Amino acid sequence: MTLAFPLAPEPDDFARERGRKLFAGDVAFLKGVVAMDGLPPADRLEVCFAGRSNVGKSSLINALTGRRSLARASNTPGRTQEINYFTTPGGPYLVDLPGYGFAEAPLAVVRKWQALLKDYLSGRQTLRRAFVLVDTRHGIKKVDEDILTLLDKSAVTFQVVMTKADKVSAKEREKALAQVRGALAKHPAAYPEIVMTSSEKGDGIETLRALIASLE
């Protein structure tokens, strides 16, 4: 019996090197966007990273790029309120979306950037894949389901990246995987592989680099 939503396999040597080269170059911050009319020209593919506040999104982007502070990590959930664009040499834009969920910010501000998030996910034609980050300690929650449903409606392929895998035991990881697999079965836009990562330990980083480098 084939397991639904298996873990993404380790990349082969060619794919690993392709991913390494993409992120070994000069990855740089381009701009922060607070409205759709501020988006850069849609002149290349892009991938975005979405997730609840404090899911470890900035840490993952820093691990991918091998830079400690390219994306601003914060202990205050919801601090990043812009869509942040990063360039890769000859590759796609990397797009860091505002964290959603339990943001410590005024309600009007939260609503504004949640609306921006929805507009972006439903209206950016060059978006090739959304990587939805899920904390391995907590699994998929209701606020994640709202985003996954939006991605379904927008016909945007999304792939779950589980973060902070080093923070739980092997048994707890398997339990979280089972919960995520069950949730993803309801979403037609879900890519049929999951990436398990630890930004701190480096687990899954080469796999994610290779996946991004392979998108066309």
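Read on for a plain summary of the structure. (Residues numbered from 1 in each chain as written. Predicted model: local features only at pLDDT ≥ 70, side-chain atom pairs only at ≥ 80, totals over all residues. Heavy atoms only, no water.)

1. Comments concerning the packing of helix α1 (residues 13-24) against helix α6 (residues 205-214)
Then step 1. Running from N to C, α1 and α6 point in directions that differ by 85°, and their axes come no closer than 8 Å. Between α1 and α6, the crossing angle belongs to the class labelled roughly perpendicular. Side by side, α1 and α6 meet where Ala15, Arg16, Arg18, Gly19, Leu22 and Phe23 of the first sit next to Glu206, Arg209, Ala210, Ile212, Ala213 and Ser214 of the second.
Then step 2. Here the residues of the contact of α1 with α6 are counted per class, giving 6 nonpolar, 2 polar and 4 charged. (Axes fitted to C-alpha atoms, helices over the stretch in contact; angles between N-to-C directions. Helix = DSSP H or I, 4+ residues; strand = E, 2+ residues; numbered from the N terminus. Parallel < 35°, antiparallel > 145°, perpendicular 65-115°, else oblique. Contact = heavy atoms within 4.5 Å. Nonpolar A, V, L, I, M, F, W, Y, C, P; charged D, E, K, R; others polar.)

2. Quick look at the pattern of salt bridges
Then step 1. Tallied over the entire structure, the rule returns 15 salt bridges.
Then step 2. Across the pair Arg52 and Asp144 runs a salt bridge whose closest N-O atoms are separated by 2.3 Å. Here Asp144 lies in helix α4 (residues 142-154) and Arg52 lies in the loop between β2 (46-51) and α2 (57-65), a separation of 92 residues in the sequence.
Then step 3. Classification of Arg52 by relative accessible area gives buried; the value is 7%.
Then step 4. Put simply, Asp135 and Lys164 hold a salt bridge, and the shortest N to O gap is 3.9 Å. You can see Asp135 sitting in strand β5 (residues 127-135) and its partner Lys164 sitting in the loop between β6 (158-163) and α5 (170-184), a full 29 residues away along the chain. Each member of the pair, Asp135 as well as Lys164, carries the same accessibility label: buried.
Then step 5. Three or more residues joined by partner-sharing salt bridges are found here, namely Glu10, Asp13, Arg16 and Glu206. (Salt bridge = Lys/Arg side-chain N within 4 Å of Asp/Glu carboxyl O. Buried < 20%, exposed > 50% of the residue type's maximum accessible area, 1.4 Å probe, protein only.)

3. Observations regarding the sheet that holds β5
Then step 1. One open sheet accounts for 7 strands, arranged β1-β3-β4-β2-β5-β6-β7; its pairing is mixed. In the strand order of this sheet, the two ends are held by β1 (28-33) and β7 (195-196), each with one partner.
Then step 2. Bridge count between β1 and strand β3 (residues 83-87): 5 bridges; the pairing is antiparallel. Across the sheet, residue Lys31 finds its bridge partner in β3, namely Tyr85.
Then step 3. Set on the sheet, α2 makes contact with β2, β4 (93-96), β5 and β6; between it and β2 the angle comes to about 145°.
Then step 4. Its contacts with the sheet put α5 on β5, β6 and β7, and the angle it makes with β6 is roughly 160°. (Pairing = 2+ DSSP bridges.)

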